Amino acid sequence: MKKILVTGGAGFIGSHLCERLLNEGNEVISLDNYFTGSKSNILHLLNNKYFEAIRHDITLPFFIEVDQIYNLACPASPIHYQKNGIKTIKTSVMGAINMLGLAKRKKATILQASTSEVYGDPQVHPQPESYWGNVNTLGPRACYDEGKRCAETLFMNYKEQTNTRIKIVRIFNTYGPNMHPNDGRVVSNFIIQSLQNKDITIYGDGSQTRSFQYIDDLVEALIRMMNTSDDFVGPVNIGNPNKFTILELAEKIIELTKSKSKLVYMPLPQDDPLQRQPDISLAKEKLNGWEPKIQLEEGLIKTINYFKKIITNT
Ligand SMILES: NC(=O)c1ccc[n+]([C@@H]2O[C@H](COP(=O)([O-])OP(=O)(O)OC[C@H]3O[C@@H](n4cnc5c(N)ncnc54)[C@H](O)[C@@H]3O)[C@@H](O)[C@H]2O)c1
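K.L.:
Would you mind showing me how to read the overall build of the protein chain here?
P.N.:
When helices and strands are counted, the protein chain shows nine helices and 13 strands. A globule of 314 residues ought to have a C-alpha radius of gyration of about 20 Å, and the protein chain, at 19 Å, matches this closely. Principal-axis analysis of the C-alpha atoms gives the protein chain an extent of 55 × 45 × 40 Å. Taking all contacts inside the protein chain whose residues are at least 6 apart in sequence as the whole, residues at least 24 apart take part in 81%. When the accessible area of the protein chain is evaluated, it comes to approximately 14100 Å², of which 51% is carbon and sulfur surface.

Here it is, written out as structure tokens:
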């Protein structure tokens, strides 16, 4: 039995990860300040004696005995991370320093949830890990993108200077149950608008493409990455390379929800990337042949069922 700390454990990805790690027989501690996460995401885990939920902000130091740390704490959607950009940077940078310090002292392995946003508005498609990215340091997304880029640098410096055992994954667009219903992300937005037969807002002309990864595929990859040998630290892209236009996504969701919603078009927000698609060759090679198993329709059905329950309960 390992003792595993998950920062951001009450969030969308963190709650699924905590559940899976508990099911595999580990002791799991969630550390969360509940900014975007919610106790309802982990309510079903609270009666498991091997689970502990602690309210804590990772911009402050935290001490505990642990074997592994998954560092997921950080608001992930523009609506939330732009609310207080300074705090977002502090969470990424000071949070990383605090958690790396803990990993160093306890000789624990620490995994950083980095992001495809480190590639900014990419000029290389699909994006391999070797691509350095195209980020506007002054733009509205910079507090998130640059915070995550700096966290990656810190992870590498801790490894090189102090031999801390690190792993870096760059997560691409992920969706599934427990997503925040009002965070403005495209999958949750479209599903909620469709279920309520409201207009579906498409930013731009809908021809921009995205690839969407179902949460279970991501969790599998995170655990495989954490348990790779010490010499492989990443960064490694984790995402589903199948791409769809935003218009195709909207039409699929309308079909699956049998919705009467109509499409309405709004201007594209500043610095919104036109394309994003992971190159996952490295993940396949290093993570034991890992690749996404759940394709869009299957994942959307599970997510739609989740949001149906949320909407009826509110
Ligand atoms: N969901 C995606 O598609 C995606 C893509 C790329 C990267 N990521 C990364 O994965 C991680 C988890 O994302 P998510 O989608 O689950 O987002 P989320 O907002 O649902 O989860 C983040 C969690 O961190 C908590 N948190 C935020 N600031 C904190 C702080 N200072 N101290 C302690 N807790 C704090 C929040 O309350 C929340 O529970 C984030 O680091 C995000 O950047 C997510």
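K.L.:
Before we go on, may I ask you to explain the site of the ligand in this structure?
P.N.:
Taken together, the neighbourhood of the ligand is formed by 30 residues, with Asp32, Thr36, Tyr144, Lys148 and Arg185 sitting nearest. Here an oxygen atom of the ligand and a backbone polar atom of Phe35 are 2.9 Å apart. Side-chain polar atom of Thr36 to an oxygen atom of the ligand: 2.6 Å apart, as the coordinates give it. Burial of the ligand by the protein chains amounts to 97% of its free accessible area of 810 Å².

K.L.:
How do you make sense of the nonpolar core when you look at a structure like this?
P.N.:
Nonpolar side chains in soluble globular proteins tend to end up buried together. Ranked by size, the top nonpolar core spans 56 residues in total, and within it Val6, Leu17, Tyr70, Leu222, Ile238 and Leu300 carry the most contacts. With eight residues, helix α6 (residues 215-226) is the largest single contributor of residues to this core. Here Tyr70 is in contact with Ile4, Leu5, Val6, Thr7, Leu17, Leu21, Leu111, Leu222, Ile223 and Met226, once residues within four sequence places are set aside.

K.L.:
Which parts of the structure should I look at to understand the pattern of salt bridges?
P.N.:
Oppositely charged side chains are able to pair whenever their charged atoms sit close together. In the structure shown here, the tally under the stated rule is 14 salt bridges. A salt bridge links Asp57 to Lys87; the shortest N-O distance between them is 2.5 Å. Of the two residues, Asp57 is situated in the loop between β3 (51-55) and β4 (68-71) and Lys87 in helix α3 (residues 85-106); the sequence distance between them amounts to 30 residues. Residue classification places Asp57 among the buried residues on the basis of a relative accessible area of 18%.

K.L.:
Whenever I open this one, helix α7 (residues 246-257) confuses me. Can you help?
P.N.:
Residue pairs three or four apart in sequence face the same way in an α-helix, which turns once every 3.6 residues. With twelve residues, α7 extends 17 Å from end C-alpha to end C-alpha; this agrees with the ideal 16 Å at 1.5 Å per step. Restricting attention to buried positions, one finds in α7 the residues Ile246, Leu249, Ala250, Ile253, Ile254 and Thr257. Seen from one end, α7 has its buried residues packed into an arc of 135°, which puts them on one side. Lys258 lies just past α7 and shows a positive phi near 50°.

K.L.:
What's the story with the packing of helix α5 (residues 186-195) against α7 in this structure? I'm lost.
P.N.:
Angle between the axes and distance between the axes: these two values describe a pair of packed helices. Viewed as axis vectors pointing N to C, α5 and α7 meet at an angle of 40°, and their least axial separation amounts to 9 Å. In this view, α5 runs oblique relative to α7, as classed from their interaxial angle. Relative to α7, α5 is oriented so that their crossing is right-handed. On α7, the residues that touch Val186, Val187, Phe190, Ile191, Ser194 and Leu195 of α5 are Ile246, Leu249, Ala250, Ile253, Ile254 and Thr257. Here the residues of the contact of α5 with α7 sort into ten nonpolar, two polar and no charged.

Conventions and cut-offs
Residues numbered from 1 in each chain as written. Predicted model: local features only at pLDDT ≥ 70, side-chain atom pairs only at ≥ 80, totals over all residues. Heavy atoms only, no water. Helix = DSSP H or I, 4+ residues; strand = E, 2+ residues; numbered from the N terminus. Rg over C-alpha atoms; globule rule 2.2 N^0.38 Å. Contact = heavy atoms within 4.5 Å. Areas by Shrake-Rupley, 256 points an atom, 1.4 Å probe, with all protein chains shown as cover. Near = heavy atom within 4 Å. Polar contact = N/O pair within 3.5 Å; in protein donor to acceptor, adjacent residues only side chain to side chain. Core = buried A, V, L, I, M, F, W, Y, C linked by side-chain atoms within 4.5 Å. Buried < 20%, exposed > 50% of the residue type's maximum accessible area, 1.4 Å probe, protein only. Salt bridge = Lys/Arg side-chain N within 4 Å of Asp/Glu carboxyl O. Expected span 1.5 Å × (residues − 1). Arc of directions from axis to C-beta. Axes fitted to C-alpha atoms, helices over the stretch in contact; angles between N-to-C directions. Parallel < 35°, antiparallel > 145°, perpendicular 65-115°, else oblique. Left-handed = near helix turned anticlockwise from the far one by under 90°. Nonpolar A, V, L, I, M, F, W, Y, C, P; charged D, E, K, R; others polar.

Honestly, it's all geometry; don't read function into it.
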